[in-house]
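For reference, the chains in residue letters:
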Amino acid sequence: MAVVAPPAFSEGSAAGTSRPAAVARLRAAMGGEGMLARIGWTILSIGLFAGLWELCWLVGWADPKLLPPPHIFIGSIAEQGKFFNTATRWQVGKSMTDGPSAFESVMITVGATTMRVFVGLLIATILGIGVGVMVRYFKLFDRLVLPTVTLLSPVSPIAWLPVAIFLFGIGNGPAIFMVVIALFFHMVLATITQIDGVSNNLINVARTMGASKAQIYWRVIVPAILPGMLAVLRMNLFAAWMVVLIAESTGVGYGMGQVIMLARNTFNPSLVFFTIAVIGVLGFVFDWLLRQAQRRILYWLPDQTEKLRGL
């Protein structure tokens, strides 16, 4: 009976089989595959930006009194946090030291601004998409509404600020109104553009299967424009942050915009950049959450991020 010896095993062969796998894993990590890799690249990107800023400070290109480097305004977080107590500052007979602590002041101010952003964004999205669908659904509504929407769309949101104060006075109302008015008209036009871009083949197939006009809109057109509208919603999220800061900086209520105006009036660059950093972190986090929701909602769409890189 013949005995077949097993193939020889050596350290060289083990290394030869394991080294390609290790290289592949390294390339996969460097290629940005996986959550840890994306977090690593994000930290590296932000660190590179902060490092260049620090380098400009070291070589004397950035004046620390005008453009303080990150280690200065980040290191004085506890000191800068007390200036976020803008709500107490408006009360007669109370000093900046009264009221909540520095951390509580930051949380209250951030919460107030974030609330205004998301309430305004939600109202503008519902109204904009609803009006846009109705413009393409009802011909009479199209003729009555679309010219006015097109006329008011180029108007800057700042021009609406006196109207917001006249209508709502001081508080959350004018800030939310500013966000809605800044996003509504563009959301309507974006919805109309998305509807006009729906493939006729989808509509013809639905008609062939006996779908009514209402069924075509809610079963075919709305799902077809959903990817584009979510992309528009993501861009409007950034626009909402810009508009609400303008509204708050004019004195319609306490918030992040008020903190920036306080920093300007007191010539406090560290407070300015600390507030900018807080706004940037908030915008980054909410954009990431929106992208995660977009992936869950549009689960049937393939990943397009690597499509052009492979050309």
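Quick summary incoming for the structure in this document. Residue positions are given per chain, counting from 1 as you read along its sequence in written order. Where totals are concerned, whole chains, interfaces and linings use all residues; where local detail is concerned, this predicted model gives features only for residues with pLDDT of at least 70, and gives and counts side-chain atom pairs only at 80 or more. The side-chain numbers reported here are obtained from all heavy atoms of the structure, hydrogens and water having been left aside.

A short note on the packing of helix 8 (residues 161-168) against helix 9 (residues 172-196)
No. 1: To get an axis, a line is fitted to the C-alpha atoms, and for a helix only the part in contact is used. The angle between two axes follows their N-to-C directions and goes from 0 to 180 degrees. Strands are runs of DSSP state E lasting at least 2 residues, helices are runs of H or I lasting at least 4, and numbering of each runs from the N terminus. Interaxial distance between helix 8 and helix 9 falls to 8 Å at its minimum, and their mutual angle equals 140°. With respect to their mutual orientation, helix 8 and helix 9 come out oblique. In this structure, helix 8 meets helix 9 at a crossing whose hand is right-handed. Residue-level contacts link Leu161, Ala164, Ile165, Leu167 and Phe168 of helix 8 to Gly173, Pro174, Phe177 and Met178 of helix 9. When describing relative orientation, an angle under 35 degrees is termed roughly parallel and one over 145 degrees roughly antiparallel, while 65 to 115 degrees is termed roughly perpendicular and anything else oblique. For any helix crossing, the convention is left-handed if the near helix is rotated counterclockwise from the far helix by under a right angle, and right-handed if that rotation is clockwise. When checking whether two residues touch, look at their non-hydrogen atoms; a contact exists if any pair is within 4.5 Å.

As for helix 10 (residues 200-208)
No. 1: Whenever a nitrogen or oxygen atom comes within 3.5 Å of another N or O atom, the pair is scored as a polar contact, on the condition that within protein one atom can donate a hydrogen and the other can accept it, and that pairs from neighbouring residues in sequence are kept only if both atoms are in side chains. Between the side-chain oxygen at the start of helix 10 and the backbone nitrogen of Asn201 there is a gap of 3.2 Å, and the oxygen is on Ser199.
No. 2: At the C-terminal side of helix 10, Gly210 shows a positive phi close to 85°.

Some remarks on the pattern of salt bridges
Side-chain pairs of opposite charge can arise whenever the charged atoms involved come near each other.
No. 1: What counts as a salt bridge is simple: a side-chain nitrogen of Lys or Arg found within 4 Å of a carboxyl oxygen of Asp or Glu. Within the structure shown, the criterion is met by five salt bridges.
No. 2: Glu248 is the partner of Arg116 in a salt bridge, and the nearest nitrogen-oxygen pair spans 2.7 Å. Remark: Glu248 occurs in helix 11 (residues 213-249) and Arg116 occurs in helix 6 (residues 102-137); sequence separation between them is 132 residues.
No. 3: Working definition: with a 1.4 Å probe on protein chains only, accessible area under 20% of the residue-type maximum means buried, over 50% means exposed, and in between means partly exposed. Owing to a relative accessible area of 1%, Arg116 belongs among the buried residues under this scheme.

Considering a nonpolar patch on the surface
No. 1: Together, Met35, Leu36, Ile39, Ile43, Val281, Phe284, Val285, Trp288 and Leu289 make up a nonpolar patch on the protein surface, roughly 870 Å² of accessible area in all.
No. 2: When contributions to the nonpolar patch are tallied by element, the ones reaching two or more residues are helix 2 (35-58) and helix 13 (269-297).
No. 3: Tracing the backbone shows Val285 in helix 13. The patches reported here contain residues having more than 30% relative accessible area and no salt bridge. Joining distances are 9 Å for like charges and 5 Å for nonpolar side chains (Val, Leu, Ile, Met, Phe, Trp, Tyr). All accessibility values rest on the Shrake-Rupley procedure with a 1.4 Å probe; residue burial counts only the protein chains present in the view.

Section: the packing of aromatic side chains
No. 1: What counts as a ring pair is set by centres within 6.5 Å for rings of Phe, Tyr and Trp (its six-membered ring), and what kind of pair is set by the plane angle: stacked under 30 degrees, edge-to-face over 60, tilted for all other angles. The final tally for this structure, using the stated rule, is 10 aromatic pairs.
No. 2: Considering the side-chain rings of Phe118 and Phe286, the 4.9 Å spacing of their centres and the 75° angle between planes classify their relative orientation as edge-to-face. Of this pair, Phe118 sits in helix 6 while Phe286 sits in helix 13; the two residues are 168 residues apart in sequence, bridging distant segments of the chain.
No. 3: Owing to a relative accessible area of 33%, Phe118 belongs among the partly exposed residues under this scheme.

Structural notes on the nonpolar core
No. 1: For our purposes a nonpolar core is just a set of buried Ala, Val, Leu, Ile, Met, Phe, Trp, Tyr and Cys residues, chained together by side-chain atoms within 4.5 Å. Within the largest apolar cluster, 49 residues are counted, with the highest numbers of intra-cluster contacts made by Phe84, Met178, Leu237, Trp241 and Met256.
No. 2: For this core, the secondary-structure elements that each account for two or more residues are helix 6, helix 7 (139-152), helix 8, helix 9, helix 11, helix 12 (256-265) and helix 13.
No. 3: Broken down by element, this core gets its largest block of residues, 13 residues, from helix 9.
No. 4: Those residues in contact with Met256 that sit more than four places away from it in its chain are Phe84, Thr109, Val110, Thr113, Leu245, Glu248, Thr275, Val278 and Ile279.
No. 5: By size, the runner-up hydrophobic cluster in this structure holds 12 residues, among which are Val133, Ile195, Ile216 and Tyr217.

Purely geometric numbers; function is a separate question.
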